[in-house]
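Listed here are the chains, written in short residue letters.
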Amino acid sequence: MVSLSPDPPPLIGQSLAFLELMDEVSRTAPLERPVLVVGERGTGKELIAARLHFLSRRWEAPLVKLNCAALPETLLETELFGHEAGAFTGAAKRRIGKLEHASGGTLFLDEIESMPIALQVKLLRVLQEGMLERLGSNASVRIDVRIVAAEGDRLRGECVPAG
């Protein structure tokens, strides 16, 4: 038998704080707003992002994940926005970025605090306008993506609708 809707990832807990967080995630999931998940390393921020995705109307579309701290700034930009052939040395063919790949679904940006400010500003513009330009292109591409971002090194986990 094939399930028409995937189950959200399993999260197990009984504490009052955990149950309150799960309630907040359930209330936040249907909102068409960016979300910032804050918590210490290893507290399940990626599981919260997946749960937000699978409880939203976007559950059938892609959930794309990117760790912003794992890439240098120049690679992070092309990973997010993609590029055209010839945009820079070694760009032999067009590459679709994570934002475009996640269109219709959710893009999870882990460790967003490590993203350079200039790139955060460029990402904010994409969120405001729903359009992006691949590196090396002047043509705009319309996208519809929900951003769930996570930042670490805080003492308490939170799920906060942004904006």
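Going by the structure above, here's the rest.
Read on for an overview of the structure. The model shown is predicted, which means the values in this text are computed figures rather than measured ones.

Rules behind the numbers
- Residues numbered from 1 in each chain as written.
- Predicted model: local features only at pLDDT ≥ 70, side-chain atom pairs only at ≥ 80, totals over all residues.
- Heavy atoms only, no water.
- Phe/Tyr/Trp six-rings, centres within 6.5 Å; stacked < 30°, edge-to-face > 60°.
- Lys NZ or Arg CZ within 6 Å of the ring centre and 35° of its normal.
- Salt bridge = Lys/Arg side-chain N within 4 Å of Asp/Glu carboxyl O.
- Helix = DSSP H or I, 4+ residues; strand = E, 2+ residues; numbered from the N terminus.
- Buried < 20%, exposed > 50% of the residue type's maximum accessible area, 1.4 Å probe, protein only.
- Core = buried A, V, L, I, M, F, W, Y, C linked by side-chain atoms within 4.5 Å.
- Contact = heavy atoms within 4.5 Å.
- Polar contact = N/O pair within 3.5 Å; in protein donor to acceptor, adjacent residues only side chain to side chain.
- Axes fitted to C-alpha atoms, helices over the stretch in contact; angles between N-to-C directions.
- Parallel < 35°, antiparallel > 145°, perpendicular 65-115°, else oblique.
- Nonpolar A, V, L, I, M, F, W, Y, C, P; charged D, E, K, R; others polar.

Moving on, we come to the packing of aromatic side chains. One pass over the structure, following the stated rule, counts zero aromatic pairs. K122 extends its terminal NZ or CZ atom over the ring of F81, reaching a point 4.5 Å from the ring centre.

Tallying each qualifying case throughout the model produces 15 salt bridges. D144 is paired through a salt bridge with R57; the nearest N and O atoms lie 3.6 Å apart. Residue D144 is found in the loop between β5 (141-142) and β6 (146-151), and its partner R57 is found in the loop between α2 (45-54) and β2 (63-67); the two are separated by 87 residues along the sequence. In this structure, the salt-bridge partner of E129 is R125, at a minimum N-O distance of 3.2 Å. Here E129 pairs with R125, and both are found in helix α5 (residues 117-129), just four residues apart, close to one helical turn. Because the salt bridges share partners, they merge into one network encompassing E32, R57, R58 and D144.

Now for α2. Along α2, seven of the 10 residues are buried, which leaves the element largely enclosed by surrounding structure. For α2, the set of buried residues is K45, I48, A49, A50, R51, L52 and H53.

Counting residues in hydrophobic clusters, the biggest one holds 21 residues, and the most contacted among them are L80, L99, L107, L109, M115 and I147. Contributing elements (two or more residues each) for this core: β2, α3 (73-81), β3 (106-110), α5 and β6. In contact with L80, other than residues within four places in its own chain, are L66, G97, K98, L99, L107, L109, M115 and L119. Ranked by size, the runner-up nonpolar core spans 12 residues in total, among them F18, M22, V35 and F108.

Tracing the backbone shows E32 in the loop between α1 (16-28) and β1 (35-38). C-alpha of E32 to C-alpha of R57: the two residues are 25 residues apart in sequence and 9.0 Å apart in space. In this structure, E32 is in contact with R57 and R58, ignoring residues within four places of it in sequence. Among the polar contacts made by the side chain of E32, one reaches the side chain of R58 at a distance of 2.7 Å.

Where α3 meets α5, the axes come as close as 11 Å, and the angle between the chain directions of the two elements is 10°. What the angle tells us is that α3 and α5 run roughly parallel. Contacts from E73, L76, E77, L80 and F81 in α3 reach L119, K122, L123 and V126 in α5. When the residues that make up the contact of α3 with α5 are grouped by side-chain class, the tally is six nonpolar, no polar and three charged.

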